Amino acid sequence: MLDFKKEIAEAIAKSLELNSEELYSYIEVPKDSNNGDYAFPCFKLAKELRKSPMMIADEIKEKIVLDNNIIEKIDVVSGYLNFFVNKRKIAEVVIDEMNKNGEYGKSEIGKDKNIVIDYSAPNIAKPFHIGHLRSTVIGAALYKIYKYLGYNTTSVNHLGDYGTQFGKMIEGYTMWKDEYNLEKDPINQMMDIYVRINNLCKKDEEVLERCRNNFKKLEDGDPYCVELWQKFRDLSLKEFEKIYDLLDCNFDSWNGEAFYSDKMQEIIDILEQTGKLQESQGAQIIDLEDKGINTPIIIKKSNDSTTYATRDLAAIMYRARTYDYDKALYVTSYEQVLHFKQVFAAAELLGLDEKYIKGLEHVSFGMVLLPTGKMSTREGTVIRLEDLLNESIERAQKIIEDKNPNLENKEEVAKKVGVGAVIFNDLANNRIKDEIFDWDTILNFQGETGPYIQYTYVRTKSIIEKAEINFDNIKGEIDFSKISTDKLQDADSQNILKLIYNFEDILIQVTEKNEPSILSRYLIDVAKAYSAFYNANKVIVDEEDIKNARIFLTYATGKVIETGAGLLGIQMPDKM
């Protein structure tokens, strides 16, 4: 596919005798189309060339050689070079790509590169609450997008299935097992045990010590503790699967913390050999001040039990050996920023190839908060994700009953709309921002929402059906190669074409910043652009060339929305 940015970068590089790859990274897409389709900020070269940005811009414009069939105009404005793409050419490129592949944005940019993405990671024996939603949907979107761009991608659900909390669960269940039937309502029953034992531990140090010892016995393979732990894990995963089914989320690996229980001694041995492992108040730690981190990392507690950090280091070693990763992403809340700084710094002592250390990246995100503050499993102040999703589906169904009671497959449509609304709400804004959970906001079906995108898709499909064209075989009924680019020169058509053309670049931007909201905002822009086009132009007209061109544009819009939303984990209904 013709890369307009590459053509511009190479032409600028030739005029100034500079490296085109660096120049390529400087090129921007202006927010206002009056400032061109692409802009080159000359101030980025001012220091290197020892000239003012205005002088550089004038010099480039004078020397640059570009094909008029590709770039039809160049303007100089305040040190920027603004490039206007040839309208026919951008239509040709989009039509050719859609004609060739039947979709848009598919890429092999990630070929032969391995990505491991660690996300979701709920704690077993606790409810899957809305605090886990962000890690799950951000990680799932990144997984799908990397995969779409050709990366060899592995999704890992690093379950919280180890640690002192299970010593507490074992103690609580042992004390009160006659009061509970875990088979009947496992998550709520286990949560109740956890809240009770946690409150007791606050009051009774002896009980807390027994809980700690239970975890040590679990690590040592005590049959009773292992049997109970396995029971908690199996019951939890059975419940979690219901959530993952609703979110259409799958994993390549379910290896949680417990998987690394027999792999931690190697880590401890390696760290001991470095001479960095030292004793502090009975615990084994590594001082990280030489790495600019004032808080030491604890490798073993004073009772010889291991920590999250030990298991994360074992996971890094395992993933490097098993997946030969180029990137290993950890999608967790920003509360764990220090933890991952410590772990990544300590990983430098493991003797791994430098590429594995450089590939480690913490993809942090803001918390989901209640209007009353932070949620806490210990205090029992959580909103279960399954309840949230079911409530959203029910509300979507009520809207359908009010507005389109004769709609076929109402339950299936309500499921797609309800779940899509929740996912899009979570991915609509920059991931680092805290999100205050509010029913009225998350289930608002007006404005820039998931249902708005779904509605736009349904409209594109409906228009093509009214034209009596087989939506699934549109390429067979309209020869895209004969679409008249002259009929796609108006501003509304051009806006859509430019957005569609930039789809692959949008996906690449997502992976560069690990920021799915870039794609979410893009899909809103596409939906708005199509709405403007639709309001200004009748699609099904008598003149065949105009009709086919507009149907192509409608089809292409629908395909990009369907593909993009699918990468976010949002399914498209056929009708609404």
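Asks: What exactly am I supposed to notice about the sheet that holds strand β6 (residues 277-280) here?
Replies: The strands that make up a sheet are held in pairs by hydrogen bonds between backbone atoms, and each pair lies either parallel or antiparallel. The strand order across the open sheet formed by three strands is β6-β7-β8, and the pairing between neighbours is antiparallel. The open sheet has two edge strands, β6 and β8 (297-300), and neither has a second partner. Strand after strand, the sheet turns through a mean of 45° between neighbouring axes, direction not considered. Strand direction decides the pairing type here: β6 and strand β7 (residues 283-286), joined by four bridges, are antiparallel. Looking at the pairing, leucine 277 lines up with isoleucine 286 of β7. Where helix α11 (residues 264-274) meets the sheet, it contacts β6, β7 and β8, and its direction lies at approximately 95° from that of β6.

Asks: Please clarify how the sheet that holds strand β3 (residues 80-85) should be interpreted in this entry.
Replies: Across the sheet, which stays open at both edges, the three strands sit in the order β1-β3-β2 with antiparallel pairing between neighbours. Where the open sheet ends on each side, the last strands, each with one partner, are β1 (38-41) and β2 (71-77). Adjacent strand axes in the sheet meet at a mean angle of 20°, parallel and antiparallel pairs treated alike. Summarising the sheet, β2 and β3 pair through six bridges and their orientation is antiparallel. Within β3, the residue paired with aspartate 75 across the bridge is asparagine 82.

Asks: Looking at this model, I keep getting lost on the nonpolar core. Mind explaining?
Replies: The tendency in soluble globular proteins is for nonpolar side chains to be buried as a group. Membership of the largest hydrophobic core comes to 154 residues, with the highest contact counts inside it found for Phe40, Phe83, Leu519 and Phe552. With near-sequence residues (within four places) excluded, phenylalanine 40 lies in contact with Ile12, Leu23, Tyr26, Ile27, Leu45, Ile60, Gly79, Tyr80, Leu81 and Phe83. The next biggest cluster of nonpolar side chains, apart from the first, holds 37 residues, and it includes Met264, Ile316, Phe344 and Ala346.

Asks: What's the story with unusual backbone geometry in this structure? I'm lost.
Replies: Working note: non-glycine residues mostly have negative phi, and peptide bonds are mostly trans. The phi dihedral of aspartate 112 falls on the positive side, at around 70°, and the residue is not glycine. Even without being a glycine, asparagine 409 presents a positive backbone phi close to 50°. Take asparagine 409: it is sitting in the loop between α15 (385-403) and α16 (410-427).

Asks: When you look at the pattern of salt bridges in this model, what are you seeing that I'm missing?
Replies: This structure, assessed with the given rule, holds 40 salt bridges. Two residues, aspartate 426 and arginine 134, come together in a salt bridge whose shortest N-O distance is 3.3 Å. Placement of aspartate 426 in helix α16 and of arginine 134 in helix α6 (residues 133-148) is noted, with a sequence separation of 292 residues between them. Summarising the burial analysis for this pair, aspartate 426 and arginine 134 share the class buried. Note that lysine 559 and glutamate 562 form a salt bridge whose closest N and O atoms lie 4.0 Å from each other. Of this pair, lysine 559 and glutamate 562 both sit in helix α23 (residues 544-568), three residues apart, roughly one helical turn.

Asks: Just checking my understanding: could you explain the packing of α6 against helix α21 (residues 503-513) for this structure?
Replies: A pair of packed helices is characterised by two quantities: the angle between their axes and the separation of those axes. At a minimum axis distance of 10 Å, the contact between α6 and α21 shows a crossing angle of 125°. Judged on the interaxial angle alone, α21 and α6 are oblique. Considering how the two elements wind past one another, α6 and α21 form a crossing that is left-handed. For the pair formed by α6 and α21, the contact residues are Leu142, Ile145, Tyr146 and Tyr148 on the first element and Phe503, Leu507, Val510 and Thr511 on the second. Per-class residue counts for the contact of α6 with α21 are seven nonpolar, one polar and no charged.

Asks: Could you clarify how one ought to interpret the environment of histidine 158 in this entry?
Replies: Here histidine 158 shows up in the loop between β5 (152-156) and α7 (164-176). Of the residues examined, histidine 158 reaches a relative accessible area of 9% and is grouped as buried. C-alpha separation for the pair histidine 158 and glycine 566, spaced 408 residues apart in sequence, amounts to 24 Å.

Here is what the cut-offs are and how they apply
- Position labels on residues start from 1 in each chain and follow its written sequence.
- Thresholds applied to this predicted model are a pLDDT of at least 70 for local features of residues and 80 or more for the giving and counting of side-chain atom pairs; totals over whole chains, interfaces and linings are not thresholded and use all residues.
- The basis for the side-chain values is all heavy atoms of the structure; hydrogens and waters are excluded.
- Any two strands are treated as partners once DSSP identifies two or more bridges connecting them.
- A run of H or I in DSSP becomes a helix once it reaches four residues, and a run of E becomes a strand once it reaches two; helices and strands are each numbered from the N terminus.
- What counts as an axis is a line fitted to C-alpha atoms, over the stretch in contact for a helix, and the angles between N-to-C directions run from 0 to 180 degrees.
- Contacts were defined at the residue level, with two residues in contact if any of their heavy atoms lie within 4.5 Å.
- Nonpolar core, defined: a set of buried Ala, Val, Leu, Ile, Met, Phe, Trp, Tyr and Cys residues in which side-chain atoms within 4.5 Å join the residues together.
- For every residue, the accessible area (1.4 Å probe, protein chains only) is compared with the maximum for its type, and the residue is labelled buried under 20%, exposed over 50%, or partly exposed between those bounds.
- Salt bridges are counted wherever a side-chain nitrogen of Lys or Arg sits within 4 Å of a carboxyl oxygen of Asp or Glu.
- An angle below 35 degrees is read as roughly parallel, one above 145 as roughly antiparallel, one from 65 to 115 as roughly perpendicular, and any other as oblique.
- If you view the pair so one helix is near and one far, a crossing is left-handed when the near helix is turned anticlockwise from the far one by less than a right angle, and right-handed when it is turned clockwise.
- Each residue gets one of three labels, nonpolar for Ala, Val, Leu, Ile, Met, Phe, Trp, Tyr, Cys and Pro, charged for Asp, Glu, Lys and Arg, and polar for the others, Gly among them.

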